[in-house]
Amino acid sequence: MKRSRDRDLPGGWEAGAAEYALGLMPREEIAGFEARLAAEPDLQQDVAAWTEYFACFVDAIAEETPPPQVLRRIEARVFGPVEKTSVIKQVLPYFVGAVAGAAIAWLVFATGLLDPAQPVLGADLVAAAGDLALTAALNPETGVLVVARTAGEVGEGRVLELWLSPETGAAVSLALLRTEETLVALPPALSDGLEGARLLVTEEPAGGAPDGMPGAVRAEGRLVAR
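Residues numbered from 1 in each chain as written. Predicted model: local features only at pLDDT ≥ 70, side-chain atom pairs only at ≥ 80, totals over all residues. Heavy atoms only, no water.

A few words now on a nonpolar patch on the surface. Among the surface-exposed residues, Y53, F57, V58 and I61 lie close enough to one another that they form a single nonpolar patch of about 440 Å² accessible area. Along the chain, the position of I61 falls in the loop between α3 (41-55) and α4 (68-79). (Patch = residues over 30% accessible without salt bridge, like charges linked within 9 Å, V, L, I, M, F, W, Y side chains within 5 Å. Areas by Shrake-Rupley, 256 points an atom, 1.4 Å probe, with all protein chains shown as cover. Salt bridge = Lys/Arg side-chain N within 4 Å of Asp/Glu carboxyl O. Helix = DSSP H or I, 4+ residues; strand = E, 2+ residues; numbered from the N terminus.)

Next up, the structure:
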């Protein structure tokens, strides 16, 4: 599918995919972009590719916990010096918050506002051959997909990649499954109407599928109501 290049920014909609992946797209452009995103598999692949590309920037950075004074300095620079207050004044907001939270929790459970049977879509991703197995659970209201590897290993220097495979059109990369459990925040354009959708898991080079297309499928399954 050929995409028009009618955006004002250089690079057309491909540049828009990078902006969207970084969260830098102007608010007034998001609705129009997501409408186009829902209709164009090529643009969906651009967003997925840019997301993975930007995520790779931090792969080589070792995790490090900064000393507490760093946060205090940042807060002082942004919000100004913190006024010294008494212990009672410091504790009072937490106490009030705890009481309010307890009251809200009681109200929710007493009135039945919290429905434990909130609809969730789930999938068991299994391999036709081999021992790889994963589970997936999607909350349609939040668009958060949780994928957990329950069995099987990944080759040295390789990574599992999760794909959404529509009935027609090309598969869309959703995330690289670098850990045993991965949370994926699906954009609104992809999170609606996913009951019965087919999920694929492939094993790819460390940076993901080099050509933006899924390789050999190691596991698959469909999202169904649970």
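In this section: the nonpolar core. Membership of the largest hydrophobic core comes to 25 residues, with the highest contact counts inside it found for L145, L162, L174 and V201. For this core, the secondary structure elements donating two or more residues are β1 (121-126), β2 (133-139), β3 (144-151), β4 (158-165), β5 (172-177) and β7 (198-205). The leading source of residues in this core is β5, at four residues. Setting aside anything within four residues of it in sequence, one finds V201 in contact with L125, L132, L134, L160, E161, L162, L177, A216, V217, R218 and A219. Counting seven residues, the second-largest nonpolar core is a separate cluster that includes A17, M25, L43 and V47. (Core = buried A, V, L, I, M, F, W, Y, C linked by side-chain atoms within 4.5 Å. Buried < 20%, exposed > 50% of the residue type's maximum accessible area, 1.4 Å probe, protein only. Contact = heavy atoms within 4.5 Å.)

Turning next to α4. The end-to-end C-alpha separation of α4 is 17 Å, in line with the 16 Å expected for twelve residues at 1.5 Å each. Summarising burial for α4: zero of the twelve residues are buried, a small minority. Where α4 ends, the next residue or the one after it, G80, has phi of about 90°, a positive value. (Expected span 1.5 Å × (residues − 1).)

Before going further, it helps to examine the environment of A197. For A197, the location among the structural elements is in the loop between α6 (188-191) and β7. Given the relative accessible area of 14%, A197 is considered buried. Along the primary structure A197 and L164 are separated by 33 residues, whereas in three dimensions their C-alpha atoms are 7.3 Å apart. Leave out the neighbours within four places in its chain, and A197 touches L164, G221, R222 and L223.

Attention now moves to the packing of helix α2 (residues 27-39) against α3. Packed helix pairs are specified by the crossing angle of their axes together with the interaxial distance, meaning the distance between the axes. Following both chains from N to C, one finds α2 and α3 inclined at 110°, their axes separated by 5 Å at the closest point. On the basis of their axis angle, the class for α2 and α3 is roughly perpendicular. By crossing handedness, the relation of α2 to α3 is classed as left-handed. Across the interface between the two elements, F33, R36, L37, A38 and A39 from α2 touch P41, L43, Q44 and V47 from α3. (Axes fitted to C-alpha atoms, helices over the stretch in contact; angles between N-to-C directions. Parallel < 35°, antiparallel > 145°, perpendicular 65-115°, else oblique. Left-handed = near helix turned anticlockwise from the far one by under 90°.)

A few words now on the layout of surface pockets. What the largest pocket holds in volume is close to 370 Å³. Forming the walls of the largest pocket are 20 residues, and the residues nearest its centre are T51, L174, V184, A185 and P187. Looking at the lining of the largest pocket, the elements with two or more residues in it are α1 (12-22), α3, β5 and β6 (181-185). Among the domains, domain 1 (14-64) and domain 2 (121-225) are the pair contributing at least three residues each to the lining of the largest pocket. Every residue lining the second largest pocket is counted, 21 residues in all, and those nearest its centre are L164, S165, P166, E167 and L194. Every element with two or more residues in the lining of the second largest pocket is listed here: α2, α3, β4 and α6. Counted by class, the lining of the second largest pocket contains eleven nonpolar, six polar and four charged residues. (1 Å grid on protein atoms, 1.4 Å probe; cavity = no way out; pocket = protein on both sides within 12 Å on 5 of 7 lines; lining within 4 Å. Points joined across faces, edges and corners; volume = space filled by probe spheres on them. Domains from an automatic or database assignment. Nonpolar A, V, L, I, M, F, W, Y, C, P; charged D, E, K, R; others polar.)

Our focus in this paragraph is the pattern of salt bridges. Under the definition given, this model contains six salt bridges. Among the ionic pairs, R218 bridges to E203, the shortest N-O distance being 2.5 Å. With R218 in strand β8 (residues 217-222) and E203 in strand β7, the pair connects residues that are 15 residues apart, well separated along the chain. Using a relative accessible area of 22% as the deciding quantity, one classes R218 as partly exposed. Owing to a relative accessible area of 18%, E203 belongs among the buried residues under this scheme.

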